[in-house]
Amino acid sequence: MIDAHCHFITASLLDAVSFGALCTEASTHGVSYLDYPAALAIRRWCPPVLDLPAFASFDDYLARRAELGPDEVNRRLLRAAGVEALFVDTGLRPSSGRWLDLDGLAAASGAVVREVVRLETVAEDVAAAGASAAGFAAAFTSALAEATRDAVAVKSVLAYRHGLDIDPARPTPYAVTAAADGWLRAGGGRLTDPTLLRFLLWSALDLGLPIQLHTGFGDRDLRLHRSDPSLLQEWYAAAEPSGVPIVLLHCYPYHRQAGWLAHVYPNVYVDVGLTVTHASPALGEFFELAPFTKLLYSSDAYGLAELFLVGAAQFRAALSDWLTIDADRITAAVTTENARRVYGHA
Amino acid sequence: MIDAHCHFITASLLDAVSFGALCTEASTHGVSYLDYPAALAIRRWCPPVLDLPAFASFDDYLARRAELGPDEVNRRLLRAAGVEALFVDTGLRPSSGRWLDLDGLAAASGAVVREVVRLETVAEDVAAAGASAAGFAAAFTSALAEATRDAVAVKSVLAYRHGLDIDPARPTPYAVTAAADGWLRAGGGRLTDPTLLRFLLWSALDLGLPIQLHTGFGDRDLRLHRSDPSLLQEWYAAAEPSGVPIVLLHCYPYHRQAGWLAHVYPNVYVDVGLTVTHASPALGEFFELAPFTKLLYSSDAYGLAELFLVGAAQFRAALSDWLTIDADRITAAVTTENARRVYGHA
Amino acid sequence: MIDAHCHFITASLLDAVSFGALCTEASTHGVSYLDYPAALAIRRWCPPVLDLPAFASFDDYLARRAELGPDEVNRRLLRAAGVEALFVDTGLRPSSGRWLDLDGLAAASGAVVREVVRLETVAEDVAAAGASAAGFAAAFTSALAEATRDAVAVKSVLAYRHGLDIDPARPTPYAVTAAADGWLRAGGGRLTDPTLLRFLLWSALDLGLPIQLHTGFGDRDLRLHRSDPSLLQEWYAAAEPSGVPIVLLHCYPYHRQAGWLAHVYPNVYVDVGLTVTHASPALGEFFELAPFTKLLYSSDAYGLAELFLVGAAQFRAALSDWLTIDADRITAAVTTENARRVYGHA
């Protein structure tokens with residue numbers, strides 16, 4: 001199994017509050033996210049890996065977690081997930097505490113770890129390094145090539161920064177320079193200009209690595225109704241001649257739209273990440289329209305090693321509930337082989 | 001169990017046509033709404049309460065209903081629903097026939113009955129009472145305080161009057177007066193001006209009572225694609241500092257969007273009312289993303305005592321199908337305790 | 001059972017590539033659509049009709065198909081579908097190869113075959129015949145009356161040509177002439193002008209035959225987020241006085257919206273076509289809000305005789321899973337009687 005989109009995880013000791021906060025996409029003002037379906041899924045799948053019965057209480061679970069220590073817990077949970085490769089989005093950087101980096105994830109999991117480079121992070125680094133407006137396009141192109149030397153894919157968070165309702169056309173060099181001028185004069189920082197965000201997507205098509213696209217739900221920074229992947233339909237058509245695979249991540253609650261896009265555009269794929277952990281009852285709906293050759297697995301795990309195991313276990317359970325014929329062949333395709341082919345991962 | 005949003009019910013004798021009309025959100029030109037899933041649900045749950053076998057025909061059911069008489073039927077059905085409190089939206093006023101008022105509902109049900117005040121009704125009453133444009137804001141504020149003296153919540157039907165796609169910002173006093181001037185010059189009446197509707201919402205935040213918001217389906221007066229609760233996302237964020245709970249009612253077919261909003265905004269809650277009676281197969285989807293602390297029950301029953309029982313029975317059945325662990329604790333939260341906390345109901 | 005919307009089918013020998021291409025709404029650059037849920041459904045339902053075990057491999061199935069020959073295969077599959085009438089959209093014309101025409105379909109199926117006339121095709125034929133701008137409206141009205149002399153319904157592909165987000169009002173004669181002038185000066189051809197498309201819809205209301213409306217998914221020529229049938233809500237209201245039934249075809253992934261429209265508008269109906277073959281797990285959701293008197297069956301089969309059988313078999317299976325009471329009566333309504341009444345088919 002290949003987990004084609006995930007994040008860093010903590011290697012700190014966690015109390016109930018910090019553990020609860022990492023179970024969710026929400027900010028947690030007074031709401032316990034231990035009372036939440038994804039948290040119940042943790043209680044279903046994870047306690048046995050720490051020698052407790054399934055559905056052990058969180059009190060018992062966190063006590064056992066502390067007893068074993070974060071390194072042993074991470075090692076056990078990641079290995080129990082049974083993944084042979086992890087593709088890690090390095091653009092979401094932990095702000096404090098001890099976290100596992102790429103090498104740490106590789107050591108804990110025993111899996112091959114490869115990097116997914118976030119386009120907006122590269123652009124913001126280029127701005128921070130003092131690029132001029134006129135030089136921005138070239139500097140970004142060069143920085144992207146450098147940053148992705150060993151990467152397996154790039155990722156866009158256009159849905160967070162603007163919404164997927166953008167002009168699908170490649171922006172002119174003049175428009176890019178003018179937009180960069182506005183952004184850099186304002187001091188750079190968080191990139192939200194739609195022309196520049198669009199330039200990043202087109203640059204990624206030029207680069208040729210697969211593009212992972214955040215679509216659907218996430219944290220409250222995005223406007224949900226502008227994250228419907230069908231809003232970007234014309235761009236998938238425009239991108240088709242490049243041959244670059246475009247992977248729609250998450251998708252929920254627009255996963256049926258995503259399935260149709262994967263059905264009709266040869267260059268579009270869907271990935272169950274995040275939905276597989278937070279809205280697993282919806283998983284069967286990914287299988288309504290998307291060909292089995294176009295479906296990919298990821299956990300989108302962030303923060304907690306538990307989420308790697310929950311994602312993998314729930315995806316396997318859903319496949320086994322759902323597939324009535326050719327189950328082995330289809331399972332192999334959607335858990336492993338499609339990812340190898342799409343991401344060119346040996 | 002607390003039924004946190006419902007309406008008045010009839011105490012008249014009903015023939016098949018008038019009974020069928022009250023089973024539905026539709027106007028019924030020649031279509032029998034006895035041939036409709038919610039009507040089948042009535043046949044599943046209600047006949048035994050009137051001493052008939054489940055799934056008795058409507059002919060038999062209506063004959064028995066007439067035999068017992070509306071008062072006995074209402075008493076039996078409301079008590080069978082097993083609710084300890086009813087929060088009644090008094091803004092939808094029956095036009096003719098004998099209906100149970102708040103005291104009548106309390107006597108028939110044996111439950112505590114409290115009022116939910118419809119914002120637009122208060123504003124229209126203020127206009128009808130002859131408010132001036134310059135005095136409208138103050139007159140509304142004062143009338144709202146007076147009208148809600150004993151109320152448990154307020155309700156907005158913005159979705160019916162304009163759509164949820166409004167500017168989320170608090171309107172300036174100048175804008176409110178100008179809009180009131182236009183409305184009052186036109187003779188007042190049905191309030192549809194988006195600036196005034198927005199003023200009502202902001203006034204409710206100032207008042208401090210929980211706000212129930214119609215979202216998703218209802219009768220044909222609303223434009224469905226403008227009732228998606230995610231269209232109002234920026235307003236939930238703007239409302240957060242007030243601490244006022246905002247309860248998204250109904251939600252279907254945008255209930256997954258609503259679940260995400262309840263997940264990421266501490267001040268947003270979801271309520272299964274109307275969906276629980278008319279689209280109960282979708283109930284499980286409310287439990288995908290919303291924390292159990294953010295889910296509320298109501299029937300949205302209107303007209304027929306049957307709908308109180310159908311809602312309660314279908315919600316309990318769905319919980320029992322859906323919950324695999326901590327079922328008692330979660331059931332208590334979503335049927336009763338969350339409503340007590342959110343609505344400050346002792 | 002009446003299949004109220006379908007298309008022509010091939011009578012040519014098919015290899016795996018051409019068979020796979022006809023299993024899907026997609027163009028198939030390198031993606032095998034034999035690895036796709038609807039293709040698995042073919043393997044479930046069709047091999048036994050060709051004397052093979054259910055779930056036979058496609059290799060075996062296609063070999064047997066070739067052995068029997070297209071005419072025998074078409075005859076067996078169409079008859080196994082068990083339909084008494086086929087309403088055929090004649091606007092989608094096969095470009096090459098041997099295909100069954102209306103008479104061929106009737107002979108192969110043993111069913112009554114009637115025509116559904118595509119509005120846009122009639123308009124394009126009028127343009128090709130040299131209509132003037134000033135004469136276009138009258139020429140179209142006359143051509144439509146002529147073309148529908150024996151037809152059972154008309155069909156609009158507005159969703160493909162513009163999107164359902166149009167002005168609902170009847171266009172003025174002046175506006176129609178001006179729009180026709182622009183279109184005809186540009187050489188006619190594929191009609192995409194929203195004023196003219198709207199004129200076609202209003203002309204159909206004048207004609208009085210039921211109108212089938214493409215909504216929801218289809219091939220990539222449509223923009224999915226503009227095919228939501230709720231975008232056309234005001235037009236259903238405007239059309240109501242005409243008494244003309246409006247049938248929303250396909251609908252997925254907006255079928256819940258369609259169900260609500262059928263619930264609240266007496267003149268609106270929903271049809272499960274295409275969804276029944278390509279996204280059958282969603283079928284139950286059609287039954288959430290639509291009265292049983294407003295639901296219609298079609299396969300939307302195109303190209304392959306298999307799709308007639310898959311649609312019919314999956315619809316019957318879904319009804320039998322879903323209906324717990326009055327199953328015979330409701331099944332008769334949604335498979336046959338509603339279509340007889342709506343389409344005036346004896």
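Residues numbered from 1 in each chain as written. Chains lettered and ligands numbered in written order. Predicted model: local features only at pLDDT ≥ 70, side-chain atom pairs only at ≥ 80, totals over all residues. Heavy atoms only, no water.

**Focus on the overall build of chain A**
Logical step 1: Summing up its helical and strand segments, chain A has 15 helices and ten strands in all.
Logical step 2: Computed over the C-alpha atoms, the radius of gyration of chain A is 20 Å, within 12% of the 20 Å expected from 2.2 N^0.38 for a compact globule of 346 residues.
Logical step 3: Seen along its three principal axes, the alpha-carbon backbone of chain A occupies a region of about 60 × 45 × 40 Å.
Logical step 4: Going through the 346 residues of chain A one by one, you find that 63% of them count as buried.
Logical step 5: Contacts spanning at least 24 positions in sequence make up 75% of the contacts within chain A whose residues lie at least 6 apart.
Logical step 6: Total accessible area on chain A is roughly 11,500 Å²; 52% of this is exposed by carbon and sulfur atoms.
Logical step 7: One finds the centroid of the 27 positive side-chain charges in chain A at a distance of 1 Å from the centroid of its 39 negative side-chain charges. (Helix = DSSP H or I, 4+ residues; strand = E, 2+ residues; numbered from the N terminus. Rg over C-alpha atoms; globule rule 2.2 N^0.38 Å. Buried < 20%, exposed > 50% of the residue type's maximum accessible area, 1.4 Å probe, protein only. Contact = heavy atoms within 4.5 Å. Areas by Shrake-Rupley, 256 points an atom, 1.4 Å probe, with all protein chains shown as cover. Lys, Arg positive; Asp, Glu negative; His and termini not counted. Charge placed at Lys NZ, Arg CZ, Asp CG, Glu CD.)

**So, the interface of chain B and chain C**
Logical step 1: Every contact between the two is made by 31 residues of chain B and, on the other side, 28 residues of chain C.
Logical step 2: Of the roughly 2,600 Å² buried where chain B meets chain C, counting both sides, 58% is carbon and sulfur surface.
Logical step 3: Our count for the chain B to chain C interface comes out at four salt bridges.
Logical step 4: Across the pair Arg223 of chain B and Glu234 of chain C runs a salt bridge, and its minimum N-O distance is 3.1 Å.
Logical step 5: The tally of links between chain B and chain C comes to nine residue pairs in polar contact (both at pLDDT 80 or more).
Logical step 6: Looking at side-chain class alone, the side of chain B that touches chain C contains 16 nonpolar, eight polar and seven charged residues. (Buried area = accessible area lost by both parts, 1.4 Å probe. Salt bridge = Lys/Arg side-chain N within 4 Å of Asp/Glu carboxyl O. Polar contact = N/O pair within 3.5 Å; in protein donor to acceptor, adjacent residues only side chain to side chain. Nonpolar A, V, L, I, M, F, W, Y, C, P; charged D, E, K, R; others polar.)

**Some remarks on the sheet that holds strand β7 (residues 211-215) of chain A**
All names here are of chain A.
Logical step 1: If you trace the eight strands from one edge of the open sheet to the other, you get β1-β3-β5-β6-β7-β8-β9-β10, paired in parallel fashion. Sheet topology places β1 (2-6) and β10 (295-296) at the edges, where each strand pairs with a single neighbour.
Logical step 2: Bridge analysis of strand β8 (residues 246-250) against strand β9 (residues 268-271) gives four bridges, and the strand direction is parallel. The residue bridging Leu249 from the neighbouring strand is Asp271, located in β9. (Pairing = 2+ DSSP bridges.)

**Considering the relation of the copies chain C and chain A**
Logical step 1: Overlaying chain C with chain A gives an RMSD of 0.0 Å, the required rotation being 120° about an axis along which the chain moves by 0.0 Å. Considering both components of the superposition, the chain copies are consistent with a three-fold axis.
Logical step 2: With a heterologous cut-off of 20% or less, the 3% of interface residues of chain C that recur at the interface of chain A puts this contact in the heterologous class. (Least-squares fit on C-alpha atoms with pLDDT ≥ 70 in both.)

**Remarks on the pattern of salt bridges**
Residue and element names in this part refer to chain B.
Logical step 1: Under the criterion given, the structure shown has 69 salt bridges over all chains.
Logical step 2: Notably, a salt bridge pairs Arg64 with Asp51, separated by 2.5 Å at the nearest N-O pair. With Arg64 in helix α3 (residues 58-68) and Asp51 in the loop between α2 (37-45) and α3, this residue pair connects regions lying 13 residues apart in the sequence.
Logical step 3: For Arg64, a relative accessible area of 17% corresponds to the buried category.
Logical step 4: Close ionic contact of Asp89 with Lys155 constitutes a salt bridge, the shortest N to O distance being 2.9 Å. Taken as a pair, Asp89 in strand β3 (residues 85-89) and Lys155 in strand β6 (residues 151-156) lie far apart in primary sequence, 66 residues in all. Each member of the pair, Asp89 together with Lys155, is buried.

**Quick word on the relation of the copies chain B and chain C**
Logical step 1: Overlaying chain B on chain C yields an RMSD of 0.0 Å, the required transformation being a rotation through 120° with an accompanying axial translation of 0.0 Å.
Logical step 2: When the interface residues of chain B are mapped onto chain C, a mere 3% of them again lie at the interface, so each copy presents a different face.

**Brief notes about the packing of helix α9 (residues 173-185) of chain C against helix α10 (residues 194-207) of chain C**
Residues and elements named next belong to chain C.
Logical step 1: Put simply, α9 and α10 touch, their axes get as near as 8 Å, and they point 125° apart. Classified by the angle their axes make, α9 and α10 are oblique. Two packed elements cross with a definite hand, and for α9 against α10 that hand is left-handed. Residues Ala175, Val176, Ala179, Ala180 and Trp183 of α9 touch α10, and the partners they reach there are Thr195, Leu196 and Phe199.
Logical step 2: Here the residues of the contact of α9 with α10 are counted per class, giving seven nonpolar, one polar and no charged. (Axes fitted to C-alpha atoms, helices over the stretch in contact; angles between N-to-C directions. Parallel < 35°, antiparallel > 145°, perpendicular 65-115°, else oblique. Left-handed = near helix turned anticlockwise from the far one by under 90°.)

**Here we look at the packing of aromatic side chains**
Logical step 1: Applying the stated criterion across every chain, the model contains 46 aromatic pairs over all chains.
Logical step 2: Relative to Tyr343 of chain A, the ring of Phe87 of chain A lies with its centre 5.3 Å away and its plane at 75°, an arrangement referred to as edge-to-face. Residue Phe87 of chain A is found in strand β3 (residues 85-89), and its partner Tyr343 of chain A is found in helix α15 (residues 327-343); the two are separated by 256 residues along the sequence. As far as the burial class goes, Phe87 of chain A and Tyr343 of chain A line up, both buried.
Logical step 3: Ring centres of Phe136 of chain B and Phe140 of chain B lie 6.2 Å apart, and the angle between their planes is 25°; on these two criteria the pair is classed as stacked. Separated by four residues within a single helix, Phe136 of chain B and Phe140 of chain B lie in helix α7 (residues 133-147), roughly one turn from each other. When sorted by exposure, Phe136 of chain B lands in the same class as Phe140 of chain B, which is buried. (Phe/Tyr/Trp six-rings, centres within 6.5 Å; stacked < 30°, edge-to-face > 60°.)

**A closer look at the sheet that holds strand β1 (residues 2-6) of chain B**
Residue and element names in this part refer to chain B.
Logical step 1: As summarised here, the arrangement of the eight strands in space is β1-β3-β5-β6-β7-β8-β9-β10, forming an open sheet in which the pairing is parallel. Sheet topology places β1 and β10 (295-296) at the edges, where each strand pairs with a single neighbour.
Logical step 2: Alignment of β3 against strand β5 (residues 112-118), held across five bridges, turns out to be parallel. Considered in β5, the bridge of Ala85 is made with Val112.

**Examining the interface of chain C and chain A**
Logical step 1: In this assembly, 31 residues from chain C lie in contact with 28 residues from chain A.
Logical step 2: When chain C packs against chain A, close to 2,600 Å² is buried across both sides, 59% of that on carbon and sulfur atoms.
Logical step 3: Here Arg43 of chain C makes a salt bridge to Asp326 of chain A, at a shortest N to O gap of 2.7 Å.
Logical step 4: Looking at the side of chain C that touches chain A residue by residue, the class counts come to 16 nonpolar, eight polar and seven charged.

**Observations concerning the packing of helix α6 (residues 119-128) of chain C against α10 of chain C**
Residue and element names in this part refer to chain C.
Logical step 1: Close contact between α6 and α10 brings their axes to 10 Å; oriented N to C, the two are set at 115°. Here α10 runs roughly perpendicular to α6, going by the angle between their axes. The chirality of how α6 crosses α10 is right-handed. Side by side, α6 and α10 meet where Leu119, Glu120 and Ala123 of the first sit next to Leu197, Leu200, Leu201 and Ala204 of the second.
Logical step 2: Per-class residue counts for the contact of α6 with α10 are six nonpolar, no polar and one charged.

**Some points on the pairing of strand β8 (residues 246-250) of chain B**
All names here are of chain B.
Logical step 1: Counting buried positions over the five residues of β8 gives five, a clear majority of the element.
Logical step 2: Note: strand β7 (residues 211-215) against β8, five bridges, orientation parallel. Bridge pairing links Leu213 to Leu248 in β8.
Logical step 3: A crossover connection joins β7 to the parallel β8 through helix α11 (residues 233-239); in handedness this β-α-β unit is right-handed. (Right-handed = clockwise from strand over helix to strand, strands pointing away.)

**Side note on unusual backbone geometry**
Logical step 1: Note that the residue after Tyr252 of chain A, namely Pro253 of chain A, is joined by a cis bond; omega there is 0°.
Logical step 2: Here Pro253 of chain A is to be found in the loop between β8 and α12 (255-264).
Logical step 3: Here the phi dihedral of Phe55 of chain C falls at roughly 70°; this positive angle occurs in a residue that is not glycine.
Logical step 4: In this structure, Phe55 of chain C sits in the loop between α2 (37-45) and α3 (58-68).
Logical step 5: Take Phe55 of chain C: its relative accessible area is 34%, and that puts it in the partly exposed class.

**Considering the environment of Ala333 of chain C**
Residue and element names in this part refer to chain C.
Logical step 1: By secondary structure assignment, the location of Ala333 is in helix α15 (residues 327-343).
Logical step 2: Between the alpha carbons of Ala333 and Lys294 there is a distance of 9.0 Å; along the sequence they are 39 residues apart.
Logical step 3: For Ala333, the residues in contact, after removing those within four places along its chain, are Phe292 and Asn338.

Any functional reading would require information beyond the geometric quantities listed.
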